[in-house]
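The lines below spell out each chain.
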Amino acid sequence: VQLQASGGGSVQAGGSLRLSCACATSGRTFSSYAMGWFRQAPGKERELVAGISWNGGSTYYADSVKGRFTISRDNAKNTVYLEMSSLKPEDTAVYYCAAGRLPTIITMTRAYDYWGQGTQVTVSS
């Protein structure tokens, strides 16, 4: 599984960004994987921000982003998205997408098996 995240950038507080993650698979289809977005700020541990089940039927959000971030997926395009709005300086981090082999397990960090490179999100006050 190869994951390529994009869409990061610099925005002012209150602004919005949309992250995308294109997924290339072999042997199993993209739609059979759970997908998630993580972030890691300097000096902090990697944090699961949002997760989505194989068909989009279940989603998970960390309390810190609930109501501001929306995760979605397009299985026809092998892509998962993270819409971020009302951004805060504390959202500044490198954001990573990840795929999990268990299609409905989305809330456990250790359930994610494959990782893409990160994309930087910087929110200024």
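Here we summarise the structure given alongside this text. (Residues numbered from 1 in each chain as written. Predicted model: local features only at pLDDT ≥ 70, side-chain atom pairs only at ≥ 80, totals over all residues. Heavy atoms only, no water.)

1. Some remarks on the environment of Gln-2
Topologically, Gln-2 is positioned in strand S1 (residues 2-6). Since its relative accessible area comes to 60%, Gln-2 is described here as exposed. Remark: the alpha-carbon pair of Gln-2 and Trp-115, spanning 113 residues in sequence, is separated by 7.6 Å. In this view, Gln-2 contacts Ala-22, Cys-23 and Ala-24; residues no more than four positions away in its chain are not counted. (Helix = DSSP H or I, 4+ residues; strand = E, 2+ residues; numbered from the N terminus. Buried < 20%, exposed > 50% of the residue type's maximum accessible area, 1.4 Å probe, protein only. Contact = heavy atoms within 4.5 Å.)

2. Overview of the environment of Lys-88
Mapping Lys-88 onto the fold places it in the loop between strand S8 (79-84) and strand S9 (93-100). According to the relative accessible area criterion, Lys-88 is partly exposed, its value standing at 33%. Sequence separation between Lys-88 and Gly-14 is 74 residues, and the spatial gap between their C-alpha atoms is 6.4 Å. Other than its neighbours up to four places away in sequence, Lys-88 contacts Arg-68 and Val-123.

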